Structures are given as structure tokens and as C-alpha cells.
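# Descriptive structure summary
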Amino acid sequence: MARPSAAVLAAALAVAPAVEAIKVSSGRGFLAGGMQPDAVAATLVKVEDEWTAQAVAFASCNTTSAETGSDCSSSVEDFRSSCSKVVSAVVKASAGDRANVREYFADVCSEPVLAGWRKDHCKEFAASLVNYMSADSYDNRENLDTVSFCGRFWKSYSLAEQGRVAREKAEREEQEKKEAAEKAAEEKAAAEEAAKKAAEEEAAKKAAEEE
């Protein structure tokens, strides 16, 4: 039997009632909106923002949990819940065919709205899911352990996001220091120039008085 094309998968994603019912915390059906790649990419932006916030919150909680005794598991559980819904929708709508998932996400991850780190995460998610799925479509549909997959994906995603956020923070701080130093240098030069001008004017005044 010939493998369904990406267009067929898109149609399946659009009409599957179970998929339409699946929601992520952003409040939108992850695989809703006609299932055009640009629509899915736009939704993935919100999903990735949510996942990033959870990764950052988890890292922040971990830095103080030893002192405060805080339970940091809520971010992980929220991620797993959201991720599991996304994975279940993808697997159901693709009929469990990992080749369909690979082909469809190749289009989704190429959408302009998923640029930079967003595109990297999209491709990482797609590759991780495809690698986790078996060659047996029926087994994927019936037995894929979404919680286990999302637990594994969380580890790589959270570490990558914590690293990216830390790098961006360091870059911002370095830029702020550079701008502050430049401003201070400009202010110093202006003050020196004003003092020089004042001294010259005072000297000229005295010279005029002595004549």
C-alpha cells in the first residue's frame, strides 16, 4: 500500500474529531486550524513558549529548593501533560506512521515563524518523536508511551533551554556593561571638553582684563 502524502496527513489532522478535542494550555487545538503547516507552526510557537517557561521555572526552583524546601515537580508535570497531548494528537492524526510524521514536520519546522531556536526545538521534537516511534504503525497508535517519551524529551529540552536562556542573559548583561562603559566614556569626554572650554574662556577673560 502506498504511504499517504503530507497533504493526506494534513487532511487527516484537520478532520480527526479526537484531534480537534485535544487542547494544550494555550487554549487552542494543537492540530486544529485546517492543519496547514503554517497554522501548526504558529501554534507551536505558543507551545514552545509555554515549554520554555516551564524549563526556566524548573531551573529557578531548583536553585532555591534546598533552602526553601520547594517542590519543583509541577513544571515537569505541566510539561509532560502538554507534551503528551501534542504527541497523542500527532500520532493519532498520522495513523501512527512515523514516515508521515517525519514528512509533515519537515514542512512545519520550515515555516518562517519558527526561526532560530524555535526551529531548532521543532526539529528536535520531530526527530525525537520519530526515533521513539516504532516501524509498526498499529503499535504506535495503540501502545506508544507518551509519558515516557515526554519524560525523555523534557531532559534534553529543559537543559537546552536553560543553557540558551543563560547565554542570552549573559549576552544582554555584557551588552549593558558595554553600553554603560561607552556612556560613561562619552560623559567623561564631554565633561573634560566643558572644563577645557571653561578654562580657555577664563584665561581669555583674564588676558583681556590685563590689557
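Up top is the structure these notes are about.
Residues numbered from 1 in each chain as written. Predicted model: local features only at pLDDT ≥ 70, side-chain atom pairs only at ≥ 80, totals over all residues. Heavy atoms only, no water.

Attention now goes to the state of the cysteines. Taken as a whole, this structure holds 2 disulfides when the rule is applied. Each sulfur in the disulfide pair cysteine 83 and cysteine 150 lies 2.1 Å from the other. Taking the sign of the S-S torsion, -85° for the link of cysteine 83 and cysteine 150, the bridge is left-handed. Remark: cysteine 150 occurs in helix H8 (residues 146–210) and cysteine 83 occurs in helix H4 (residues 73–93); sequence separation between them is 67 residues. In this pair, the class of cysteine 83 matches that of cysteine 150, namely buried. Between the sulfur atoms of cysteine 109 and its disulfide partner cysteine 122 the distance amounts to 2.0 Å. On the S-S bond that ties cysteine 109 to cysteine 122, the torsion sits near -80°, and the link is left-handed. On the criterion of sequence distance, the pair formed by cysteine 109 in the loop between helix H5 (98–108) and helix H6 (117–132) and cysteine 122 in helix H6 is long-range, its members being 13 residues apart. (Disulfide = S-S within 2.5 Å. Helix = DSSP H or I, 4+ residues; strand = E, 2+ residues; numbered from the N terminus. Buried < 20%, exposed > 50% of the residue type's maximum accessible area, 1.4 Å probe, protein only.)

What follows deals with unusual backbone geometry. Residues other than glycine seldom take positive phi values, yet alanine 95 does so here, at roughly 60°. Mapped onto the fold, alanine 95 is located in the loop between H4 and H5.

Between H6 and H8, the shortest axis-to-axis distance is 11 Å and the interhelical angle comes to 160°. Here H8 runs roughly antiparallel to H6, going by the angle between their axes. In this structure, H6 crosses over H8, and the sense of that crossing is right-handed. Residues Trp117, His121, Glu124, Phe125, Ser128, Leu129 and Tyr132 of H6 lie in contact with H8, whose contacting residues are Ser148, Phe149, Arg152, Phe153, Ser156, Tyr157, Ala160, Glu161, Arg164 and Glu168. In the contact of H6 with H8, the residues fall into 8 nonpolar, 4 polar and 5 charged. (Axes fitted to C-alpha atoms, helices over the stretch in contact; angles between N-to-C directions. Parallel < 35°, antiparallel > 145°, perpendicular 65-115°, else oblique. Left-handed = near helix turned anticlockwise from the far one by under 90°. Contact = heavy atoms within 4.5 Å. Nonpolar A, V, L, I, M, F, W, Y, C, P; charged D, E, K, R; others polar.)

Note that every value here comes from positions in space, so none of it alone points to a role or purpose.
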